[in-house]
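What follows is each chain in one-letter form.
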Amino acid sequence: CCKFAANMSKENEKKIKEEIRKQLFSAKEELVLEAVEKTRKHADASFIEPLLLARLAGSADVHQSVDGVLNELKISDAEAALIEALEDERFVTLREQILSYIWHSGFQAVDAVAIMAKIAVNGSYMEAFEALTVVEQMTDEIQEAFLLEALIELRAGISEMDDSDARYPILVGMLQYLTDTEDQQ
């Protein structure tokens, strides 16, 4: 009895998730918005990529809806999916938003500190700012190799940058924060 019910429930959940994925790529905006809302109830990390793709292709309403869902993620394995998306060339134009999702969701992302530094050095002012906010919220210990890689990236970026660049104080702030973190570990 119970095993049968559990299998039916898993089958039903699988069908629901497949339907949501189809709707996320619909040409009809209403269906896309409906699917985005459904991901709140059926959320798992496998929806990160489809949601980001829907955001790329969607209208301002779709952007806002996807942002609402991804800013409120509380699924532990979503952190890894968001970090992966930061490195995915398809989502270069969404890096600022992805960093914001990581920050809003309270993820630590300590294994990605070097990625944050690289984005701050090579990205826009807002990408650097969002990367700094993520780094400054890190309270978990950062592995020495990741920390050193981030420090090297920041020092190299700062040395090649004119101090009139708007990102300059952000990079200096991130470098100082990570140097202090290294001293405390």
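Predicted model, so just to flag it, every value in this text is computed and none were measured.

**Notes on the overall build of the protein chain**
Thinking step 1. Scanning the protein chain from terminus to terminus reveals 10 helices and 0 strands.
Thinking step 2. Taken along its principal axes, the extent of the C-alpha atoms in the protein chain is 60 × 40 × 20 Å.
Thinking step 3. By the burial criterion, 45% of the 185 residues in the protein chain qualify as buried.
Thinking step 4. Total accessible area on the protein chain stands at roughly 10100 Å², and carbon and sulfur atoms take up 52% of it.
Thinking step 5. Side-chain charges in the protein chain split into 18 positive and 36 negative, and the spacing between the mean points of these groups amounts to 13 Å.

**A closer look at the packing of aromatic side chains**
Thinking step 1. Across all of its chains, the model carries 0 aromatic pairs by this definition.
Thinking step 2. Looking at Arg21, its charged tip hangs above the ring of Phe47, at a distance of 4.4 Å from the centre.

**Considering the environment of Val62**
Thinking step 1. Of note, Val62 is situated in helix H4 (residues 60–70).
Thinking step 2. Exposure remark for Val62: the relative accessible area of 2% places this residue in the buried category.
Thinking step 3. In this structure, the C-alpha to C-alpha distance between Val62 and Asp163, residues 101 residues apart in sequence, is 38 Å.

**Topic: unusual backbone geometry**
Thinking step 1. Backbone geometry places Ala109, a non-glycine residue, at a positive phi of 55°.
Thinking step 2. Along the chain, the position of Ala109 falls in the loop between helix H6 (95–104) and helix H7 (113–122).
Thinking step 3. Accessibility expressed as a relative area gives 2% for Ala109, which makes it buried.

**A short note on H4**
Thinking step 1. Within the sequence span of H4, burial applies to Val62, Ser65, Val66, Asp67, Gly68, Val69 and Leu70.
Thinking step 2. On its buried face, H4 sits against helix H2 (29–41), helix H3 (48–57) and H6.

**Looking at the packing of H7 against helix H10 (residues 168–184)**
For any two helices packed against each other, the geometry comes down to the angle between their axes and how far apart the axes lie.
Thinking step 1. Viewed as axis vectors pointing N to C, H7 and H10 meet at an angle of 160°, and their least axial separation amounts to 10 Å. Relative to H10, the element H7 lies roughly antiparallel. Crossing angle aside, the handedness with which H7 passes H10 is left-handed. Of H10, the residues touching H7 (which contributes Val113, Met116, Ala117, Ala120 and Val121) are Leu171, Met174 and Leu178.

**Concerning helix H5 (residues 78–86)**
Because each turn of an α-helix spans 3.6 residues, side chains separated by three or four positions end up pointing in the same direction.
Thinking step 1. Taken residue by residue, H5 has Ala78, Ala81, Leu82, Ile83, Ala85 and Leu86 as its buried positions.
Thinking step 2. For H5, the secondary structure elements touched by its buried residues are H3, H6 and H7.

**Considerations on the packing of H6 against helix H8 (residues 125–136)**
Thinking step 1. Remark: H6 packs on H8, axes separated minimally by 9 Å, with the N-to-C direction vectors making an angle of 15°. As far as their axial angle goes, H8 and H6 are roughly parallel. Regarding H6 and H8, the two cross each other, and that crossing is left-handed. Across the interface between the two elements, Arg95, Glu96, Leu99, Ser100, Ile102 and Trp103 from H6 touch Met126, Glu127, Glu130, Ala131, Thr133 and Val134 from H8.
Thinking step 2. When the residues that make up the contact of H6 with H8 are grouped by side-chain class, the tally is 6 nonpolar, 2 polar and 4 charged.

Cut-offs used in this document
Residues numbered from 1 in each chain as written. Predicted model: local features only at pLDDT ≥ 70, side-chain atom pairs only at ≥ 80, totals over all residues. Heavy atoms only, no water. Helix = DSSP H or I, 4+ residues; strand = E, 2+ residues; numbered from the N terminus. Buried < 20%, exposed > 50% of the residue type's maximum accessible area, 1.4 Å probe, protein only. Areas by Shrake-Rupley, 256 points an atom, 1.4 Å probe, with all protein chains shown as cover. Lys, Arg positive; Asp, Glu negative; His and termini not counted. Charge placed at Lys NZ, Arg CZ, Asp CG, Glu CD. Phe/Tyr/Trp six-rings, centres within 6.5 Å; stacked < 30°, edge-to-face > 60°. Lys NZ or Arg CZ within 6 Å of the ring centre and 35° of its normal. Contact = heavy atoms within 4.5 Å. Axes fitted to C-alpha atoms, helices over the stretch in contact; angles between N-to-C directions. Parallel < 35°, antiparallel > 145°, perpendicular 65-115°, else oblique. Left-handed = near helix turned anticlockwise from the far one by under 90°. Nonpolar A, V, L, I, M, F, W, Y, C, P; charged D, E, K, R; others polar.

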